[in-house]
Amino acid sequence: MYYVETRSIVKQYTGHLALDKVSIQVPEAKIYGLLGPNGAGKTTLIRILNQITYPDSGEVLLNGNPLKENDVYHIGYLPEERGLYKKMKVAEQALYLARLKGLSKQEAKKRLRYWFDKFNIRDWADKKLEELSKGMQQKVQFIITVLHEPKLLIFDEPFSGFDPVNTQMIKEEILNLKAQGSTILFSTHNMASVEEICDEIGLINKSKLILQGKVQDIKLSHRSGIYLVKLRLPEDPDRAKSQLEKSPFFKIESSSLDPYYWQLELSIRDGLNNNSVFKELYEHFEIVSFEEKIPTMHEIFIKSVKS
Amino acid sequence: MNKLSLIIQREYTSRVKKKSFLIMTFVMPLALILIILIPLLLSSVKDNKVRQIAVIDASGLYLPRLQNTPNYQFIPCGDSAEACKNKADYYAYLIIKRNLTEGSPIVRIYSEQQVGADLKDYVQSQLSQMASEDKIASYQIEGLEQIIRDSRVRVKTETIRWTDDGNEQKTSSEISMIIGMITAMLIYFFIFAYGGMVMNGVIEEKSNRIVEIIVSSAKPFQLMMGKIIGIALVGLTQFFLWVVVVLVLVVIGSRFGNIPLDGLSPSMPGTESSLPPGVLDGLQALSSISMGKILFWFVLYFLGGYLLYASLFAAVGGAIDNSEDAQQFTLPMTIPILFALYAGIYGASNPEGPLTIWCSFIPFTSPIVMMVRLPFGVPFWHLVLSYGLLALTFVFSTKLAAKIYRTGILMYGKKTTYKVLWQWIKPRR
């Protein structure tokens, strides 16, 4: 079951196509990473989901139904460019924004108390926003995003501007929200955090969706058949090395030598089993480690965007 | 509570709670009244210094008849200036060389400091009177003085308007003019001050980047209208508070000062005698102008003119990134407002002139110019036509502004030009 689905969305601005038939599927209660270089069209897509702008053609489904005006009550949005009223008191503007999202005043107050206690910022409720440190402001903004307990959360670069402690805290909160059943759309350039928390991703480049699926599946499908091998140096390294170079089972893609170890990247010839390689190696060397090289999201991102 | 009223509420309360609002509301009228009162009070403080003026009257005709005033004492001082020059420190020397009924009637006042205008005026009027009395006497005609006095006729013009029920009412062009000017100036001030407030509010939300969060909850049109309406309410609040503050101050003033407030209702018996006739006429004329009607149209025209201009100010705020860029767009808006003010000032002395009539129909100038016409009486259909045009225009300008606003608030970094604006406004293919 997909919680959010877009069907060939097209958005045209004067003189430039921002989205070209983009269809994404975001499964329910999962974290979906929306990736892509700057200017690819991510923000436009996010704005369409938030009904800030509307597509020229195509449709958006939320929980199986076409997106309608009142759905904003079930969406929480943390834009990349953070912003609140600088001269307004923290609690006052949190209440205001929560009520715009359909909460009653009493309910909003109750939930605000809970979150302020949780993030330990209760003393700041009556301060003006501009009196808070940047990290504090980010926390307030996060609380405002989740206060109305939306079923869909859209985070645009949620970790930018946080120190490592706060980053960890927000990360845990996001995982918490997922555990409680929220669906999370998460746009970022930080590939390490994608590997860490995303279940699925969609990659947009030059207005088109070029890649989508489970993180694990995408990584496996981008395997290149290269193995990382670490060997202890034998007594006569040169002879052993020339032996390996002649091997019919594999090709040496790169090698580096230090006083103790020899590190290799091998590509195995078509149709061969890893074990035959292994056998060839252990006849000449002591094997320290042997692993298949799985590309990182970073590498997949760069490769996909460049090709 | 729906979103629009939530937004109106925030826009309203956040401004009314500001210190600057309280200062504007309560200190401004006080300051204005002080500015008017202080010179009045100062001038009423009695100058009790007695200044001595040496009089050298060669003719001997006038000195005995010159009467001293509380501030000026006229002292005889020989026949020539030299005779008394170094005697005492006189304030001034009045030198009358000959009989003023013969030849050119010139006298001179010499002094070390420039003498006050009141002394000059006093001496001039006293001597003129004496000279003309002497001259009349010199004709030696019986009762001539009386004849001349009787022949002086001053014509007084009373302006009277027929009211709708056929009664007659005393009016005053001056008072109509003053009321027209005050209300026109107030509308001018409100359009600029509160239109500018709308623009700055939009710029603030855009540069704070909070606008993206709000439009993910509410429609841009709701945000724009919420701001415009909220600020309009701030303006009305301020206006009514001013009225209250001024009334309170007048009441207090009448208790402690001797301002005859009772005179404001001329029908009250027994008050007429205590007032000089000019003031009474003025008060009667004031009561002939229907203040309720003026107040009613004032509020309507304030709202109409404000809505027209505030929506345009909101569009400008949405289109630009910071207030420095505002000028290229606000200039074409300030020109008609300024023009309206000048047309209004001109119209106050010529309320039935073609410029005034036309400008009271054109929506960009009518909120200000119509205020000037109102106290003089305006045919009802003029008001209906003028306001109808204004209402149509502000509906149109609000729609136009909404188009610019909704695109502009999400655009950053690109300098907006008129060409870009047109692309936002023109209908999509």
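Basis of the calculations
- Residues numbered from 1 in each chain as written.
- Chains lettered and ligands numbered in written order.
- Predicted model: local features only at pLDDT ≥ 70, side-chain atom pairs only at ≥ 80, totals over all residues.
- Helix = DSSP H or I, 4+ residues; strand = E, 2+ residues; numbered from the N terminus.
- Rg over C-alpha atoms; globule rule 2.2 N^0.38 Å.
- Buried ≥ 20, exposed ≤ 12 C-beta atoms within 10 Å, placed from the backbone.
- Contact = placed C-beta atoms within 7 Å.
- Core = buried A, V, L, I, M, F, W, Y, C linked by C-beta atoms within 7 Å.
- Nonpolar A, V, L, I, M, F, W, Y, C, P; charged D, E, K, R; others polar.
- Pairing = 2+ DSSP bridges.
- Domains from an automatic or database assignment.
- Axes fitted to C-alpha atoms, helices over the stretch in contact; angles between N-to-C directions.
- Parallel < 35°, antiparallel > 145°, perpendicular 65-115°, else oblique.

1. Examining the overall build of chain A
Moving on, step 1. Of regular secondary structure, chain A possesses 10 helices and 15 strands.
Moving on, step 2. In terms of overall size, chain A is more extended than a compact globule, its C-alpha atoms giving a radius of gyration of 25 Å where 307 residues would be expected to give roughly 19 Å.
Moving on, step 3. Looking at chain A as a whole, 34% of its 307 residues are labelled buried.
Moving on, step 4. Across chain A, the fraction of contacts at a sequence separation of at least 24, relative to all contacts at a separation of at least 6, is 71%.

2. Things to note about the nonpolar core
Generally speaking, soluble globular proteins have nonpolar side chains that are buried together.
All names here are of chain B.
Moving on, step 1. Of all hydrophobic cores here, the largest spans 123 residues; its most connected members are Y306, A310 and A314.
Moving on, step 2. Broken down by element, this core gets its largest block of residues, 16 residues, from helix α10 (residues 291-319).
Moving on, step 3. Setting aside residues up to four positions removed in sequence, Y306 forms contacts with F190, I191, Y194, G195, A232 and G235.
Moving on, step 4. V55, L66, Y91 and I96 belong to the second-largest nonpolar core, a separate cluster that totals 14 residues.

3. With respect to the interface of chain A and chain B
By a frequent convention, interface size equals the accessible area lost on bringing the separate parts together.
Moving on, step 1. At the interface, 18 residues of chain A touch 17 residues of chain B.
Moving on, step 2. With four residues, helix α2 (residues 90-100) of chain A is the largest single contributor of residues to the side of chain A that touches chain B.
Moving on, step 3. For the side of chain A that touches chain B, the class distribution of residues is 10 nonpolar, three polar and five charged.

4. Some details on the pairing of strand β3 (residues 92-96) of chain B
Each regular strand displays side chains that alternate between the two surfaces of the sheet.
Residue and element names in this part refer to chain B.
Moving on, step 1. The alternating pattern of β3 places A92, L94 and I96 on a buried face and Y93 and I95 on a face that is not buried.
Moving on, step 2. Sheet topology note: the strand β1 (residues 51-57)/β3 ladder contains five bridges and is parallel. Considered in β3, the bridge of I56 is made with I95.
Moving on, step 3. Alignment of β3 against strand β4 (residues 108-110), held across three bridges, turns out to be antiparallel. Residue pairing for β4: L94 is matched across the bridge by I109.

5. Here we look at the domain arrangement of chain A
Moving on, step 1. Looking at chain A, the domain boundaries give domain 1 (2-220) and domain 2 (224-295).
Moving on, step 2. Computed over C-alpha atoms only, the centres of domain 1 of chain A and domain 2 of chain A are separated by 46 Å.

6. Describing the environment of B:I8
Residues and elements named next belong to chain B.
Moving on, step 1. Relative to the assigned elements, I8 resides in helix α1 (residues 3-16).
Moving on, step 2. For the pair I8 and L223, spaced 215 residues apart in sequence, the C-alpha to C-alpha distance is 8.5 Å.
Moving on, step 3. Apart from the residues lying within four places of it in its own chain, the contact partners of I8 are G226, I229 and G230.

7. Examining unusual backbone geometry
Residue and element names in this part refer to chain A.
Moving on, step 1. The phi torsion at S8 lies on the positive side, around 30°, for a residue other than glycine.
Moving on, step 2. Along the polypeptide, S8 turns up in strand β1 (residues 2-13).
Moving on, step 3. Even without a glycine there, the phi angle at Q51 is positive, about 60°.
Moving on, step 4. Here Q51 lies in the loop between α1 (42-49) and β5 (57-62).
Moving on, step 5. Taking the C-beta count within 10 Å as the criterion, Q51 has 18 such neighbours and is therefore assigned partly exposed.

8. Some thoughts on the environment of B:F192
Moving on, step 1. With respect to the helices, strands and loops of the structure, B:F192 is situated in helix α6 (residues 173-208).
Moving on, step 2. By C-beta crowding, B:F192 is classed as partly exposed, having 17 other C-beta atoms within 10 Å.

9. Concerning the packing of helix α11 (residues 327-349) of chain B against helix α13 (residues 366-373) of chain B
Residues and elements named next belong to chain B.
Moving on, step 1. It is at 8 Å that the axes of α11 and α13 come closest, and there the two elements cross at 10°. Looking at the two axes, α11 sits roughly parallel to α13. Only I368, V369, M371, V372 and R373 of α13 make contact with α11, whose side of the interface consists of A340, L341, A343, G344, G347 and A348.
Moving on, step 2. Within the contact of α11 with α13, the residues separate by chemical class into eight nonpolar, two polar and one charged.

10. A few points about the pairing of strand β2 (residues 16-22) of chain A
Moving on, step 1. Summarising the sheet, β1(A) and β2(A) pair through four bridges and their orientation is antiparallel. Considered in β2(A), the bridge of A:Q12 is made with A:L17.

11. Description of the sheet that holds strand β2 (residues 72-76) of chain B
Residue and element names in this part refer to chain B.
Moving on, step 1. Taken in spatial order, the four strands make up an open sheet running β2-β1-β3-β4, and their pairing is mixed. On the outer flanks of this sheet lie β2 and β4, each paired with one strand and no other. Averaged over all adjacent pairs, the angle separating strand axes in this sheet is 30°, with direction ignored.

12. Considering the sheet that holds strand β10 (residues 200-205) of chain A
Residues and elements named next belong to chain A.
Moving on, step 1. Taken in spatial order, the six strands line up as β7-β8-β9-β4-β10-β11 in an open sheet, and their pairing is mixed. Of all the strands in the sheet, just β7 (75-78) and β11 (208-214) have a single pairing partner and so form its edges. The average angle at which neighbouring strand axes cross in this sheet is 15°, direction not considered.
Moving on, step 2. Docked against the sheet, helix α4 (residues 134-146) engages β7 and β8 (152-156), running at close to 160° with respect to β7.
Moving on, step 3. Against the sheet, helix α10 (residues 297-306) touches β4 (31-35), β10 and β11, its axis set at about 35° to β10.

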